[in-house]
Amino acid sequence: MQESRIKNQESRVSNLESGISKIGIIGSGTMGIGIAQVAATAHCKVFLYDANFSQTEKSLKNLKTTLDKLAEKGKISAEKSLEIFNQIKPCEEIKELKDCDLVIEAIIENKEIKQNVFAELETYVSEKCVLGSNTSSISITSLQSELKNPDRFIGIHFFNPAPLMPLVEVIPGLLTENNLAQEIVDLMKSWGKSPIIAKDVPGFIVNRIARPFYGEALRIVEENLATPEQVDDAMKSLGNFKMGPFELMDLIGIDVNFSVTKTVYQDYFFDPKYKPSLLQQRMSEAKLLGRKTGKGFYDYSEQSQESRTENQYLKTENQQLITDNQIFMRIISMLINEAVEAKRLGIANDEDIETAMQKGVNYPKGLLNWGKEIGFSKISEVLKNLYEEYQEERYRQSPLLRKLN
């Protein structure tokens, strides 16, 4: 049994070193079709499967439009556009992925559904095939635990939109073969990405550290201290963020963002630092999910960012009760504290923590360096004041932050 497992591992590593050429993608939504485009651009043959074949057809039609526009603008040649599109084969059945060297799943963030898909997939693919999940927050170890060959399973987390965002988090589980993470890193580099290896902790690197960007912004609005637009304006004007928290939640999908927060909160045994927002839950229940439904924290009914207005359901007569600087310092202090804690726990090294936040969610600076610029003592003071005001563990400081003062 052990000899067979070692042999399988060796053959997989050999397969990766010799170059993966056949990529299976399960799920043809925004992330799935995006990853398919990335792989096809890297000259891989892509087999795209979705349980809803009409979704695959729709996504491929949209991709063709996107590629044609890129060709019209001179970003790529007409020949390259056609080559990328023709590299992707739509599949009506999951068994059509049987000859793939690597299969990446990009479906709904539900552990049981993902496990069922992988269990079925294992009955078709070879033992040399590497299985990857694009999950943004679900434990890789929990996903691989039910597999016959868990050692070939790994997290390969792209960021939206996959063709544009350079970061890929590579997450080995406890049962993942030792060399596989580095092999996937090398593969992602060959695809033109900036991969980093992360520990299998809730949220990995980016979605763990970034939680206060949304959570603290939501808290400020829930307390009627400021409106979503005022918070967004403060973070963009003082922090030079390309998008404010509420604009970004609307882009991601309020339900998607809420789901990730719930997963991180539950998987950290209900640590109050990651407590979800009641406002976000109500928005999800009301199907006010952001751009994809036309309304979220903003109203996009005019179908353009320029004509975006605040959602009438969220309008308040209250004036802004805290300054832009207070908004900025409250949110940035929470973010820097999370980055420092990730450093303390060895979730990733300093360079990867900085790279993750800049290349995964477009932060203007690395948070550890930002902390040095502002002064860790100042960050500590902000958190101390928040803790004294609210008496909540949400605002506790990383033990390392105090030492950096």
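Okay, so let's go over this structure. Because the structure is a prediction, the values reported are computed rather than measured.

**Quick word on unusual backbone geometry**
Residue P161 follows N160 across a cis peptide bond; omega there is 0 degrees. Positionally, P161 belongs in the loop between β6 (153-158) and β7 (167-172). With phi around 60 degrees, N240 is a residue other than glycine that occupies positive phi space. The residue K287 is not glycine, and still its phi comes out positive at about 60 degrees. Tracing the chain through its elements places K287 in the loop between α13 (278-285) and β9 (298-299).

**Focus: helix α12 (residues 254-267)**
For α12, built from 14 residues, the straight-helix expectation of 20 Å at 1.5 Å per residue is met to within 8% by its first-to-last C-alpha distance of 20 Å. The complete set of buried residues in α12 reads I254, N257, F258, V260, T261, T263, V264 and Y265. Here the buried face of α12 lies against α8 (206-209), α9 (211-222), α11 (245-252) and α13. The positive-phi residue at the C-terminal boundary of α12 is F269, with phi of around 55 degrees.

**Some thoughts on the sheet that holds strand β2 (residues 45-49)**
Pairing is mixed in the open sheet, where 8 strands are placed in the order β3-β2-β1-β4-β5-β6-β7-β8. Both edges of this open sheet fall to β3 (88-91) and β8 (194-197), since each of them pairs with a single strand only. Neighbouring strand axes in the sheet, compared pairwise and without regard to direction, differ in orientation by 25 degrees on average. Both β6 and β7 contribute to a ladder of 5 bridges, which runs antiparallel. Within the sheet, the bridge partner assigned to I154 lies in β7 and is P172. The strands that helix α3 (residues 53-72) touches are β2 and β3; relative to β3, the one it contacts most, it runs at about 160 degrees.

**Some thoughts on the side chain of S137**
With respect to the helices and strands, the residue S137 is situated in the loop between β5 (130-133) and α6 (140-144). Looking at S137, its side chain comes within polar contact range of the side chain of E109, at 3.4 Å. If we ignore the near neighbours within four places in the chain, the residues touching S137 are E109, P202, G203, F204, V260, T263, V264 and D267.

The rules behind each value
- Residues numbered from 1 in each chain as written.
- Predicted model: local features only at pLDDT ≥ 70, side-chain atom pairs only at ≥ 80, totals over all residues.
- Heavy atoms only, no water.
- Helix = DSSP H or I, 4+ residues; strand = E, 2+ residues; numbered from the N terminus.
- Expected span 1.5 Å × (residues − 1).
- Buried < 20%, exposed > 50% of the residue type's maximum accessible area, 1.4 Å probe, protein only.
- Contact = heavy atoms within 4.5 Å.
- Pairing = 2+ DSSP bridges.
- Axes fitted to C-alpha atoms, helices over the stretch in contact; angles between N-to-C directions.
- Polar contact = N/O pair within 3.5 Å; in protein donor to acceptor, adjacent residues only side chain to side chain.

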